[in-house]
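Here's the letter readout for the chains.
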Amino acid sequence: MRGLLSTVAALIVLWLVNSGHYTPLLLGLGAVSVLLVAFLAGRMAAVDGVWPDGPPLWRVPGYLVWLLGQIVAANLDVLRRIWRGPASLSPRLVELPLSMRSEWAQALYANSITLTPGTVTVDIGGGRLLVHALSEGAAAGLADGAMARRVQSLER
Amino acid sequence: MSAVVDGLAWAAIGLGVFVCFSGAFGLLRFPDFYSRLHAAGVTDTLGAGLVLLGLMLQAGWSLAAAKLALILLFAWVSGPTASHVLARAARHDGLEPWTGAEGRRR
Amino acid sequence: MNGVAHAWLIVALMMSGLYIVMASAHLFKKLIGLSVFQVSVFMLYISLGVVEGAAPPIVEPGVDAYSNPLPHVLILTAIVVGIATMALALALLVRIRRAYGTLDEAALAAKDEDA
Amino acid sequence: MSVEYGLTLTLLAFMLLAAWALARSDDLLAAVMLAGIISLASAAVFTVMDAVDVAFTEAAVGAGVATLLSVRALGVLGERRAAGRARVGLPFLVVLVCGGLLLYGTADLPAYGDPAAPAMQHVAPHYLARGGVETGVPNIVTAVLASYRGFDTFGELVVIFTAGLGVLTLLAGSGVSGARSEVDAGDRDIIVRQVVKWLVPFVLLFALYVQFHGDYGPGGGFQAGVIFAAGMVLYALTFGLPRLERVLPPSRLRLLAATGVWLYGGVGVACLLRGGAFLDYAVLAEDAVDGQHLGILLVELGVGLTVFSVMVLIYRAFTRQRHGGVE
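Residues numbered from 1 in each chain as written. Chains lettered and ligands numbered in written order. Predicted model: local features only at pLDDT ≥ 70, side-chain atom pairs only at ≥ 80, totals over all residues. Heavy atoms only, no water.

Details of the overall build of chain C
Stated formally: A run of H or I in DSSP counts as a helix once it spans at least four residues, and a run of E counts as a strand once it spans at least two, with each numbered from the N terminus. Here the term buried applies to any residue with accessible area under 20% of the maximum for its type, exposed to any over 50%, and partly exposed to those in between, with areas from a 1.4 Å probe on protein chains only. In this description, contact between two residues means that some pair of their heavy atoms is separated by no more than 4.5 Å. Per-residue and other accessible areas were derived by the Shrake-Rupley procedure at a 1.4 Å probe size, with only the shown protein chains allowed to occlude residues. Positive residues here are Lys and Arg, negative ones are Asp and Glu, while His and the chain termini are left out of the count. Where a charge lies is defined by one atom per residue type, namely NZ (Lys), CZ (Arg), CG (Asp) and CD (Glu).
Counting secondary structure elements, chain C contains four helices and zero strands. Scanning chain C from its N terminus toward the C terminus, one meets helices and strands in the order α-α-α-α. Its C-alpha atoms put chain C at 70 × 30 × 15 Å along the principal axes. Relative to its full complement of 115 residues, chain C shows a buried share of 59%. Within chain C, contacts between residues separated by at least 24 positions form 46% of all contacts whose residues are at least 6 apart in sequence. Just so you have it, chain C exposes about 4200 Å², and 66% of that area is on carbon and sulfur atoms. Positive and negative side-chain charges in chain C, numbering 6 and 8 respectively, have mean positions lying 17 Å apart.

Comments concerning the nonpolar core
The test is simple: To define a nonpolar core, start from buried Ala, Val, Leu, Ile, Met, Phe, Trp, Tyr and Cys residues and group those joined through side-chain atoms within 4.5 Å.
Ranked by size, the top nonpolar core spans 147 residues in total, and within it Met232(D) and Phe318(D) carry the most contacts. If one sorts the elements of this core by residue count, helix α3 (residues 69-100) of chain C sits on top with 15 residues. Look past the residues within four positions of Phe318(D) in its chain and what remains in contact with it is Ala87(C), Leu90(C), Ala91(C), Val94(C), Leu69(D), Arg72(D), Ala73(D), Val76(D), Val167(D) and Leu171(D). Core analysis: the next-biggest nonpolar cluster, separate from the first, contains 30 residues, Leu96(A), Tyr109(A), Val131(A) and Val195(D) among them.

A closer look at the packing of helix α3 (residues 60-84) of chain A against helix α1 (residues 3-29) of chain B
Heads up, the condition is: Axis definition: a line fitted to C-alpha atoms, over the contacting stretch in the case of helices. Angles run 0 to 180 degrees between N-to-C directions. Comment on the angle field: the value is read as roughly parallel under 35 degrees, roughly antiparallel over 145, roughly perpendicular from 65 to 115, and oblique elsewhere. By definition, any crossing whose near helix is turned counterclockwise from its far helix by less than a right angle is left-handed, and any crossing with a clockwise turn is right-handed.
Where α3(A) contacts α1(B), the two axes come as close as 9 Å, and the packing angle between them is 55°. By the criterion of interaxial angle, the relationship of α3(A) to α1(B) is oblique. In this structure, α3(A) crosses over α1(B), and the sense of that crossing is left-handed. Only Phe18(B), Val19(B), Phe21(B), Ser22(B), Gly23(B), Phe25(B), Gly26(B) and Arg29(B) of α1(B) make contact with α3(A), whose side of the interface consists of Leu79(A), Ile82(A), Trp83(A) and Arg84(A).

Regarding the environment of Val195(D)
Within the secondary structure, Val195(D) sits in helix α9 (residues 190-212). Residue Val195(D) is classed as buried on the basis of its relative accessible area, which comes to 10%. For the pair formed by Val195(D) and Thr238(D), sequence separation is 43 residues and the distance between their alpha carbons is 9.9 Å. Not counting residues within four places of it along the chain, the set of residues in contact with Val195(D) comprises Asn111(A), Val77(B) and Thr81(B).

Quick look at the interface of chain D and chain C
To keep things clear, this is the line we draw: Accessible surface is computed with a 1.4 Å probe, and the buried area is the amount of it that two parts give up when combined, taken over both parts together. Here, a salt bridge means any side-chain nitrogen of Lys or Arg that lies within 4 Å of a carboxyl oxygen of Asp or Glu. Nitrogen and oxygen atoms within 3.5 Å of one another constitute a polar contact, given that in protein one can donate a hydrogen and the other can accept it, and given that sequence-neighbouring residues count only through two side-chain atoms. For this classification, the nonpolar set comprises Ala, Val, Leu, Ile, Met, Phe, Trp, Tyr, Cys and Pro, the charged set comprises Asp, Glu, Lys and Arg, and every other residue, Gly included, is treated as polar.
Each side of the interface is counted separately: chain D has 102 residues, and chain C has 77 residues. Around 7900 Å² of area is buried between chain D and chain C when both sides are counted, 76% of it from carbon and sulfur atoms. Taken as a group, Asp50(D), Leu77(D) and Leu170(D) account for 8% of the area that chain D buries against chain C, more than any other trio of residues on that side. For the pair chain D and chain C, the number of links is one salt bridge. Arg97(C) is the partner of Glu79(D) in a salt bridge, and the nearest nitrogen-oxygen pair spans 2.6 Å. Counting across the chain D and chain C interface gives 19 residue pairs in polar contact (both at pLDDT 80 or more). Among the residues forming the side of chain D that touches chain C, the class breakdown is 69 nonpolar, 20 polar and 13 charged.

Some words on helix α2 (residues 27-47) of chain C
Basically, it comes down to this: In this analysis, the expected span of each helix is defined as 1.5 Å times one less than the number of residues it contains.
For α2(C), which comprises 21 residues, the first-to-last C-alpha distance of 31 Å matches the rise-based estimate of 30 Å (1.5 Å per residue) to within 8%. The element α2(C) is extensively covered by neighbouring structure, given that 15 of its 21 residues are classed as buried.

Let's talk about the layout of surface pockets
Note the cut-off: Any residue with an atom within 4 Å of a point lines the site, the site being either a cavity, points on a 1 Å grid over the protein atoms alone where a 1.4 Å probe fits but cannot get out, or a pocket, an open set with protein on both sides within 12 Å along at least 5 of 7 lines. Grid points are joined across faces, edges and corners, and a volume is the space filled by probe spheres set on the points.
What the second largest pocket holds in volume is close to 470 Å³. As for the second largest pocket, its lining consists of 24 residues, of which Leu36(A), Phe228(D), Leu256(D), Leu305(D) and Phe308(D) are closest to the centre. When contributions to the lining of the second largest pocket are tallied by element, the ones reaching two or more residues are α2 (24-48) of chain A together with α9, α10 (221-239), α12 (250-273) and α13 (288-319) of chain D. Considering each element in turn, the lining of the second largest pocket owes the most residues, seven residues, to α2(A). A class-by-class count of the residues in the lining of the second largest pocket yields 18 nonpolar, four polar and two charged.

Some remarks on the confidence of the model for chain D
Low-pLDDT portions of the prediction should not be read for the details of their coordinates. Our working definition: pLDDT measures the predictor's confidence residue by residue and takes values from 0 up to 100.
Averaged over chain D, the pLDDT score is 88; the fraction of residues at 70 or greater is 93%. Of the regions scoring below 50 in pLDDT, residues 177-186 of chain D engages in 23 contacts with residues more than four places distant in sequence or in other chains.

Describing the pairing of strand β2 (residues 119-125) of chain A
Residue and element names in this part refer to chain A. This is how it is decided: Criterion used throughout: strands pair if DSSP finds at least two bridges between them.
Within β2, five of the seven residues are buried, leaving the element largely enclosed by the surrounding structure. Here β2 pairs with strand β3 (residues 128-133) via six bridges, running antiparallel. Within β3, the position partnered with Val 120 by the bridge is His 132. Taking the residues that link successive antiparallel strands as the turn, the β2-β3 hairpin has two residues, and the phi of Gly 126 there is positive, at about 60°.

Side note on the packing of aromatic side chains
Here a ring pair, both rings aromatic, is described through the centre-centre distance and the interplanar angle of the planes. Residue and element names in this part refer to chain D. This is how the line gets drawn: Only rings of Phe, Tyr and Trp enter the pairing, Trp through its six-membered ring, and a pair is recorded when the two centres are within 6.5 Å. The plane angle decides the type: under 30 degrees is stacked, over 60 is edge-to-face, the rest tilted.
Across all of its chains, the model carries 15 aromatic pairs over all chains by this definition. Considering the side-chain rings of Phe 206 and Tyr 209, the 5.6 Å spacing of their centres and the 40° angle between planes classify their relative orientation as tilted. Highlighted residues: Phe 206 and Tyr 209, both in helix α9, separated by three residues, approximately one helical turn. On the accessibility criterion, Tyr 209 (14% relative accessible area) is buried.

Re the pattern of salt bridges
Counted under the stated rule, the structure contains twelve salt bridges over all chains. A salt bridge links Lys30(C) to Glu105(C); its shortest N-O distance comes to 3.2 Å. Of this pair, Lys30(C) sits in helix α2 while Glu105(C) sits in helix α4 (residues 105-114), and the two are 75 residues apart along the sequence. Under the relative-accessibility criterion, Glu105(C) is labelled partly exposed at 30%. Linking Arg316(D) and Glu245(D) is a salt bridge whose minimum nitrogen-to-oxygen distance equals 2.5 Å. Placement of the pair is Arg316(D) in helix α13 and Glu245(D) in helix α11 (residues 241-247), with a sequence separation of 71 residues. Given a relative accessible area of 16%, Glu245(D) falls into the buried group. Among the ionic contacts, a cluster of salt bridges with common partners joins Asp123(A), Arg88(B) and Asp189(D).

Overview of the domain arrangement of chain D
Where interface size is quoted, it is often the accessible area lost as the parts come together. Residue and element names in this part refer to chain D. Here is the rule we go by: How far each domain reaches was decided by an automatic or database domain assignment.
One can read the domain layout of chain D as domain 1 (1-102) and domain 2 (139-327). Its C-alpha centre places domain 1 at a distance of 26 Å from the equivalent point of domain 2. If you look at the interface, domain 1 gives 15 residues, while domain 2 gives 23 residues. For the pair domain 1 and domain 2, the summed buried area comes to about 1500 Å², and 74% of that belongs to carbon and sulfur atoms. Linking domain 1 with domain 2 are zero salt bridges, by the criterion used here.

Set out below in structure tokens:
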């Protein structure tokens, strides 16, 4: 339920940011739209059993800033390799343990890995993560577990 | 808009275009499907990010800038998911990754 | 000075679509060719409504030159009608494939001869 | 040559390359993807040409729904390659002659962006000058679509509805029952499930935003309907068609599709009953402009409802087919 409530809050923000017309008519239509979507989202969750869930909102900006730094650093590394050519690659598949409990944290971790170029999550399941890394350095960067710890701390 | 902000905006857009171009170049240059995904990731993340940052600087403190930020957020959520789905489909189809010079020698 | 070079390119694209429709023996491929043809018609239409240096036809204070909205209206609805009719064509292909076991033009004609 | 024109030409040349690759390829899936690329590039061309509403629609329909439906249909057909021998000679000749004549015809076209072109002389100046005042809607495309040419649009909506009926009729009976037709959600992994769970509500709300802001910016019922349907299809792709059918029963969808057409026509009849002409919204309220505004809002809603439900129904009809194309 908490997930659904934060979904509604985010939907309201989305409407207000997109709209730019704050007349009674459009605000009313906005309210009806948000309620309709929330109703449908609730129905979907009731049908498939997956309720929207996520980290506490105040912890998100800190993680995003950290992730942004990682993304830029990883991009620079891959850019260098692009211009040096395939000889600079040493691609490999590595397995990582998946230490998060909740599904959203596992998905967030997996997508954060893919979002930093140089590493792509290939498979997930059975408490493990299969990652394709472009180089030894990229694989080692994941193996040290800094990102996993950050995502885990969001869970608490 | 001040000349400084305008200059920064164009610098970001120019840099973003260069990064996107590099990503496309890598897409052609890298040896196999999986490594090409990384090159595409460069375009998706930093390339798109820099171009949108430039546009946000041009838009100034307005709703347009907020919408551009939303676009970036959307791209950063959907992009890696798509990359992952592609990689997973390739793996399940039995496509083996290229492992570089050592792999070829073996 | 702008010319009509865009129209030449659009004609070339249109002809590629037509070529795919005629040259390919597979009905699905023909349909894809048709959609390429369709897109180029849309672009030719829209290009007739462009006014150099004008704004999109959304009235704003302080703007006095807009592009022609009429082609936009016609093409906008045509696109959605296009997907609906394309779905109809795909459904027909499904039925043809069920009935004949092939989508190859020559094979279809041969089966019709036999019947 | 202006920058915009150069951009248009570059994009067109790029599309021509894609079309060339399409003509040469035997692979049907590749053909679908190349057609999708051409479609997306054309959306960019429309943006450069100031046709923002069209670009929006083309991106959602051509590059999105059309590609998805084609891939679905390919799966159902069980065809991978256009194996048959292609003819070259005669088609090439026809294309050469036809293209030559069209190129000859372009000599009479006005230059790109010419403000004095014949197309700018007739009703367009009136729409641009008076549209905003007469309908109270700043987006002239919406004003023309829903009000000045509202009768045309009604026709188009009925075409979409009829095409949807056609697809359902053609594919009825040959489908398999919902439970077996789609892979179980267990097949989709955690990442996709979680991302889609978060994304779908935002896609749906964005569609509603597009629906109700068509008066002020690019958007309206056609785009909103397609985007709303895309959100639902995204859900079905991830969690399975049977689950979508529990959220949105097909009988309800069929009802909605008809309701949209009824709503549009009903607004027209309401205008008649209040002493105006069919679809002349001015009589709907005390003030003519308010009436126009109300009428446009309602018919756009009708368009959105029908387009959305027809798209989802079409997707469902294709998804329920047995794969491989055999009885």
